[in-house]
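# Secondary and tertiary structure notes
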Amino acid sequence: VIVRGTDGSMEDDDWLQQVIRGVNTQNRVTAYDFRSNEPEQIELQKRFREVRVFYERKRGEWKEYRNEPRFRGFARVSLFRLGQILCSASRPDGDGVLMVKRGLEKVFSNEAQYRRLFPQKSKIARRFERVYLAYRIYGLLDQHGYQSPGEYNKQHKVER
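The rules behind the values
- Residues numbered from 1 in each chain as written.
- Predicted model: local features only at pLDDT ≥ 70, side-chain atom pairs only at ≥ 80, totals over all residues.
- Heavy atoms only, no water.
- 1 Å grid on protein atoms, 1.4 Å probe; cavity = no way out; pocket = protein on both sides within 12 Å on 5 of 7 lines; lining within 4 Å.
- Points joined across faces, edges and corners; volume = space filled by probe spheres on them.
- Helix = DSSP H or I, 4+ residues; strand = E, 2+ residues; numbered from the N terminus.
- Nonpolar A, V, L, I, M, F, W, Y, C, P; charged D, E, K, R; others polar.
- Core = buried A, V, L, I, M, F, W, Y, C linked by side-chain atoms within 4.5 Å.
- Buried < 20%, exposed > 50% of the residue type's maximum accessible area, 1.4 Å probe, protein only.
- Contact = heavy atoms within 4.5 Å.

Its volume calculated, the largest pocket comes out at about 520 Å³. If you go around the largest pocket, you meet 15 residues; those closest to its centre are Gln84, Ser88, Val97, Val100 and Tyr138. Breaking the lining of the largest pocket down by element, the ones donating at least two residues are helix H5 (79-89), helix H6 (95-102) and helix H9 (121-144). Each residue belonging to the lining of the largest pocket can be placed in one class, and the counts come to nine nonpolar, three polar and three charged.

Turning next to the nonpolar core. Leu44, Phe48, Tyr55, Val77, Leu82, Phe108 and Phe118 are the most contacted members of the largest nonpolar core, which totals 25 residues. Of all the secondary-structure elements, those providing two or more residues to this core are helix H2 (31-35), helix H3 (39-50), strand E1 (53-56), H5, H6, helix H7 (105-109), helix H8 (111-117) and H9. Residues in contact with Phe48, not counting those within four places in the same chain, are Val53, Tyr55, Val77, Leu82, Phe128, Val131, Tyr132 and Tyr135.

Right, dumping it as structure tokens:
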């Protein structure tokens, strides 16, 4: 039983997040899982849907919706992958790539770093074109950015 004192607001999101983190012991929950319901993530999902991309802000969400006719022909990107893309492109000195290689968990758990990639809902709406461009460039490089088909297969672990 979780008992809450009367000294805080009933809509205290920080308190609620602490409870969720504290009681979740069955499945491993990552820092980006806690970000999936934030307003900027919901806005990104809406914007991506307009350009026929399913934005999987919650882990496993695509499995629930992939057979629905309204999502046929949609591309897909997850919150974690978009975080990697935006982090890689965020620093002109290449430090964003190093942060991704070290592990993105710190980016999602550090408020300042998270806000640099995913600003407030109102700013996300204005910056969506840049977010979408980064996503499209990633897709282009993922498909065609290899020296040879063998290198592509090696990176994507394609078996013959």
